[in-house]
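# Coordinate analysis (summary)
The lines below spell out each chain.
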Amino acid sequence: MARPSREAVARWNTAYAEQTAALFAASSIGDARAVLRLALGYSAVAQAWRILAADLAVPLWARHACSIAAEEFERRARVEESRAALADQDEE
């Protein structure tokens, strides 16, 4: 079975590690910057999923699954961006 490039996998690992750290920070701190960091983390993971989805060496079913994952992380990023905006208003 074909595998995605090492660079794409490394990018996904880095993005996912940052998103996980941001998730813990946003859940324990609750300030607008922590929530915005989480939104950016979700966006980075979504972008990494998109790169994996574009890898033509990967089977079609796996590329489709990567696209679906990217859509979900993009949705989560939008939710957290909205939450960050609300938290920012509350801090003012």
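The structure under discussion appears in the preceding block.
The notes below deal with the structure included here. Since we're looking at a predicted model, the values are computed, not measured.

What the protein chain contains, in helices and strands, is 3 helices and 0 strands. Listing the helices and strands of the protein chain from first to last along the sequence gives α-α-α. Principal-axis analysis of the C-alpha atoms places the extent of the protein chain at approximately 50 × 20 × 15 Å. Here the protein chain holds 92 residues, and 35% of them are scored as buried. Contacts spanning at least 24 positions in sequence make up 67% of the contacts within the protein chain whose residues lie at least 6 apart. Accessible area for the protein chain stands at about 6,000 Å²; split by element, carbon and sulfur atoms hold 58% of it. In the protein chain, 11 positive and 13 negative side-chain charges are present, and the distance between their average locations comes to 10 Å.

Here the focus is the packing of aromatic side chains. Two numbers describe a pair of aromatic rings. These are the distance of the centres and the angle of the planes. Within the structure shown, the criterion is met by 3 aromatic pairs. Taking the centre distance of 5.4 Å and the plane angle of 70 degrees together, the rings of Trp12 and Trp49 count as edge-to-face. A residue pair is termed long-range when its members are at least 10 positions apart, and Trp12 in helix H1 (residues 6-28) and Trp49 in helix H2 (residues 32-53) qualify at 37 residues. Cluster of aromatic residues (ring-pair linked, three or more members): Trp12, Tyr16 and Trp49. The ring of Phe73 carries Arg76 above its face, with NZ or CZ at 5.1 Å from the centroid.

Bringing the pattern of salt bridges into the picture now. By the definition in use, this model includes 6 salt bridges. Here Arg75 ties to Glu72 by a salt bridge, and the two come within 2.6 Å at their closest N and O atoms. On the criterion of helical spacing, the pair formed by Arg75 and Glu72 is a turn pair, its members being 3 residues apart in helix H3 (residues 60-91). In this structure, the salt-bridge partner of Arg76 is Glu72, at a minimum N-O distance of 3.0 Å.

Thresholds applied
Residues numbered from 1 in each chain as written. Predicted model: local features only at pLDDT ≥ 70, side-chain atom pairs only at ≥ 80, totals over all residues. Heavy atoms only, no water. Helix = DSSP H or I, 4+ residues; strand = E, 2+ residues; numbered from the N terminus. Buried < 20%, exposed > 50% of the residue type's maximum accessible area, 1.4 Å probe, protein only. Contact = heavy atoms within 4.5 Å. Areas by Shrake-Rupley, 256 points an atom, 1.4 Å probe, with all protein chains shown as cover. Lys, Arg positive; Asp, Glu negative; His and termini not counted. Charge placed at Lys NZ, Arg CZ, Asp CG, Glu CD. Phe/Tyr/Trp six-rings, centres within 6.5 Å; stacked < 30°, edge-to-face > 60°. Lys NZ or Arg CZ within 6 Å of the ring centre and 35° of its normal. Salt bridge = Lys/Arg side-chain N within 4 Å of Asp/Glu carboxyl O.

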